[in-house]
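Chain residues, written in single-letter form:
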Amino acid sequence: MHKASSSSFLGPDGLDLSNSFFTPIDGGASASSTKRNTKITVVGVGNVGMAIAQTIITQDLADELTLVDANSNKLRGEVLDLQHAAAFLPRVKINASLDYAATADSDLCIVTAGARQNPGETRLNLLQRNVALFKHIVPPLAKYSPDSIILVVSNPVDVLTYIAWKLSGFPANRVLGSGTNLDSSRFRFLIANHLDVNAQDVQAYIVGEHGDSSVALWSSISVGGVPVLSFLERQQIPYEKQTLENIHKEVVQGAYEVIRLKGYTSWAIGYSVASLARSLLRNQRRIHPVSVLAKGFYGIKGGEVFLSLPAQLGRRGVLGVTNVHLTDEEAEKLRNSAKTILDVQSQLGI
């Protein structure tokens, strides 16, 4: 498949208009020699990959976007559809290719590709197929963009982020997973609804596995700078623990509900990953709950495991893990979440 990209060549003989359309001025760089600043690659043009690509473009986060997929027709169609909207979008060069060489010199590589679960297939078998798929994806990304950051979105995200780290040979700070960044957004939304406030004024984290063993950090939730649980206790306002557990259950079931209703998730993960891309590439040093190498933090032992912890993100990737205070119960649940992921990894024989 030929690479699809924006071009200044027109006509059957490939007339280059870029040097004749404008009268140059002294000291001005020609359009063709302008160096691109930020390049993002998205691997996988399914519903999730395209929602991420579309959000990255509309939020003006990249000068160049490269899409990679094994389905040439779908790939070509998606890139054309985006290019046809050029008059309504920030200027970005959009490429599409089956060849990973097109990803060269990417600042950020986002992996969304993954095998779909077949009827009756076990989760372990599905994971093994995704590991095999990653062996064809990650090494070329690392080869062509050795200084990039790899962001894994494919599920199960925690185990696959670990696999990407091993396959890439990158330092752990430059490999992370989208983890519970979206789970935490759902959490903040539900708390905001209960309190009738804006979700942006709620600080709350879901940590651990992106899955059933995730942990809601109730003890550190604040609204407008006010710690919620300690405020309720000081004001002697009663609350039931079951109510809190039900909110967490809604977070865990949120993706399943969207999939049941529309068949897949897309828009929320698109915005979630775009927020991570902005923090990383613009060196914003914001804190996000993302899947990072967690061994040694909060008493997590037993092996190398990736799971979500509140982490500061910047241009070098993961800059550090936030020292959030956990109750004994929360810390124990987090360690159990790590054990759940390690148990899955041990079954893979890796």
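Residues numbered from 1 in each chain as written. Predicted model: local features only at pLDDT ≥ 70, side-chain atom pairs only at ≥ 80, totals over all residues. Heavy atoms only, no water.

## Topic: the overall build of the protein
- Per the secondary structure count, the protein includes nine helices and 16 strands.
- The 350 residues of the protein split such that 47% are buried.
- In the protein, the proportion of contacts linking residues at least 24 apart, taken out of those at least 6 apart, comes to 70%.
- Just so you have it, the protein exposes about 17900 Å², and 52% of that area is on carbon and sulfur atoms. (Helix = DSSP H or I, 4+ residues; strand = E, 2+ residues; numbered from the N terminus. Buried < 20%, exposed > 50% of the residue type's maximum accessible area, 1.4 Å probe, protein only. Contact = heavy atoms within 4.5 Å. Areas by Shrake-Rupley, 256 points an atom, 1.4 Å probe, with all protein chains shown as cover.)

## A few points about the environment of Glu 78
- Here Glu 78 shows up in helix α2 (residues 72-83).
- As a C-alpha pair, Glu 78 and Ala 96 span 18 residues in sequence and 8.8 Å in three-dimensional space.
- Residues in contact with Glu 78, not counting those within four places in the same chain, are Val 45 and Met 50.

## Details of α2
- Over its twelve residues, α2 extends 16 Å from the first C-alpha to the last, a length consistent with the 16 Å expected when each residue adds 1.5 Å.
- Among the residues of α2, those classed as buried are Leu 75, Glu 78, Val 79 and Leu 82. The arc that holds every buried residue of α2, seen down its axis, measures 95 degrees, which confines them to one face. Residues of α2 that are exposed and point more than 90 degrees away from the buried face comprise Asn 73 and Asp 81.
- Considering only its buried residues, α2 is in contact with α1 (47-58), β4 (64-68) and β5 (93-97).
- Looking at where α2 begins, the residue whose side-chain oxygen comes 3.3 Å from the main-chain nitrogen of Asn 73 is Asn 71. (Expected span 1.5 Å × (residues − 1). Arc of directions from axis to C-beta. Polar contact = N/O pair within 3.5 Å; in protein donor to acceptor, adjacent residues only side chain to side chain.)

## Topic: helix α9 (residues 328-348)
- Helix length check: α9, at 21 residues, gives a terminal C-alpha distance of 31 Å against a target of 30 Å (1.5 Å per residue), a fit within 8%.
- Among the residues of α9, those classed as buried are Glu 330, Ala 331, Leu 334, Ser 337, Ala 338, Ile 341, Leu 342, Val 344, Gln 345 and Leu 348. With its buried residues spanning 155 degrees around the axis, α9 presents them on a single face.
- Phi turns positive one or two residues past the end of α9, at Gly 349, with a value near 75 degrees.

## Observations regarding the packing of α1 against helix α8 (residues 267-281)
- α8 packs onto α1 with a crossing angle of 50 degrees between their chain directions and a minimal axis gap of 8 Å. With respect to their mutual orientation, α1 and α8 come out oblique. Read as a crossing pair, α1 and α8 show a hand that is right-handed. Residues Val 48, Ala 51, Ile 52, Gln 54 and Thr 55 of α1 touch α8, and the partners they reach there are Trp 267, Ile 269, Gly 270, Tyr 271, Val 273 and Ala 274.
- For the contact of α1 with α8, the per-class residue count stands at eight nonpolar, three polar and no charged. (Axes fitted to C-alpha atoms, helices over the stretch in contact; angles between N-to-C directions. Parallel < 35°, antiparallel > 145°, perpendicular 65-115°, else oblique. Left-handed = near helix turned anticlockwise from the far one by under 90°. Nonpolar A, V, L, I, M, F, W, Y, C, P; charged D, E, K, R; others polar.)

## Let's talk about the nonpolar core
- One finds Ile 40, Leu 67, Leu 108 and Ile 110 to be the most contacted residues of the largest nonpolar core, which totals 81 residues.
- Setting aside anything within four residues of it in sequence, one finds Leu 108 in contact with Lys 39, Ile 40, Thr 41, Ser 148, Ile 149, Leu 151, Ala 277, Leu 280 and Leu 281.
- Counting residues in each nonpolar core, the second largest holds 16 residues, with Phe 187, Ala 204, Ile 221 and Leu 229 among its members. (Core = buried A, V, L, I, M, F, W, Y, C linked by side-chain atoms within 4.5 Å.)

## With respect to the pattern of salt bridges
- Scanning all chains against the criterion turns up eight salt bridges.
- Its salt-bridge partner being Lys 39, residue Glu 64 comes within 3.9 Å of it at the nearest N-O pair. With Glu 64 in strand β4 and Lys 39 in strand β3 (residues 39-43), the pair connects residues that are 25 residues apart, well separated along the chain. In terms of burial, Glu 64 and Lys 39 fall into one category: buried.
- The partner of Asp 343 in a salt bridge is Lys 339, with the nearest N and O atoms 3.3 Å apart. Within this pair, Asp 343 and its partner Lys 339 are both found in helix α9, separated by four residues, close to a single helical turn. (Salt bridge = Lys/Arg side-chain N within 4 Å of Asp/Glu carboxyl O.)

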